[in-house]
Amino acid sequence: MRWIGIASSLALVTLLAQATAPASAQSRSDSHRNLDGSLDIRNSDGSSSRIKRDLSGRVTAEHSNGSRSTTTTDLSGRKRTTHSDGSYSNSSTDLNGNIRTQYSNGAYSVSKRDLSGRWRTEYSDGSYSTSVRDLNGNWTTTSSGGMAARHPERGVGKR
């Protein structure tokens, strides 16, 4: 749950996008936790990200396209992710446990967890992604296309 929150705030997350795949294409991402506690994400378009948390709780993601994202959490639990392209997103969890993310380009997303533990993120452009955790604790995410497939976790560009 801790890492899906990180991924959501980055990808929602957040979520977040310099497009590397056509907007209509579906995509898939797989995560793997490393022995040092970092998380590797590999995408079906060949791109990847490595996510690390420091002792202060700040989360840094380094992406294979050379971009970087940093997520901080305030005392109320709201997350702010800033990207090296100058864009940002703000995420918070509502009373129902849904993660709501607002992006600096005006887009937004909502992530909901169902009874089976699967997460579904719906984006304001109508696209969506679904994340499922396996028995080893690794996540697989499939995206319908649109914003969900454009890696908003890397940034959404300046408006």
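Data block above holds the structure.
Residues numbered from 1 in each chain as written. Predicted model: local features only at pLDDT ≥ 70, side-chain atom pairs only at ≥ 80, totals over all residues. Heavy atoms only, no water.

Peer 1: Would you mind showing me how to read the nonpolar core here?
Peer 2: One broad rule of soluble globular proteins: the nonpolar side chains tend to lie buried together. Counting residues in each nonpolar core, the largest one holds six residues, listed as Tyr 103, Ala 107, Tyr 123, Met 147, Ala 148 and Val 156. In terms of nonpolar packing, the next biggest core, distinct from the first, is built from five residues, Leu 39, Ile 41, Ile 51 and Ala 61 among them. (Core = buried A, V, L, I, M, F, W, Y, C linked by side-chain atoms within 4.5 Å. Buried < 20%, exposed > 50% of the residue type's maximum accessible area, 1.4 Å probe, protein only.)

Peer 1: What is the right way to read the pairing of strand β11 (residues 128-133) from this model?
Peer 2: Side-chain positions along a regular strand alternate between the two faces of the sheet. Bridging between strand β10 (residues 119-123) and β11 involves four bridges; their strand directions are antiparallel. Residue pairing across strands places Trp 119 opposite Ser 131, the latter belonging to β11. Of the pairings in the sheet, the one linking β11 to strand β12 (residues 139-143) comprises five bridges and is antiparallel in character. By the bridge assignment, Ser 131 is partnered in β12 with Thr 141. Between β11 and β12, which follow one another and run antiparallel, lie five residues, and Gly 137 among them has a positive phi close to 90°. (Pairing = 2+ DSSP bridges. Helix = DSSP H or I, 4+ residues; strand = E, 2+ residues; numbered from the N terminus.)

Peer 1: So what exactly am I meant to see when it comes to the sheet that holds β12 here?
Peer 2: Adjacent strands of a sheet form backbone hydrogen bonds with each other and so pair up, either parallel or antiparallel. Spatially, β1-β2-β3-β4-β5-β6-β7-β8-β9-β10-β11-β12 is the arrangement adopted by the 12 strands of the closed barrel, whose pairing is antiparallel. In this sheet, adjacent strand axes meet at a mean angle of 15° when their direction is disregarded. Relative to strand β3 (residues 48-53), strand β2 (residues 39-43) runs antiparallel, the two being bridged by four bridges. By the bridge assignment, Asp 40 is partnered in β3 with Arg 50. (Axes fitted to C-alpha atoms, helices over the stretch in contact; angles between N-to-C directions.)

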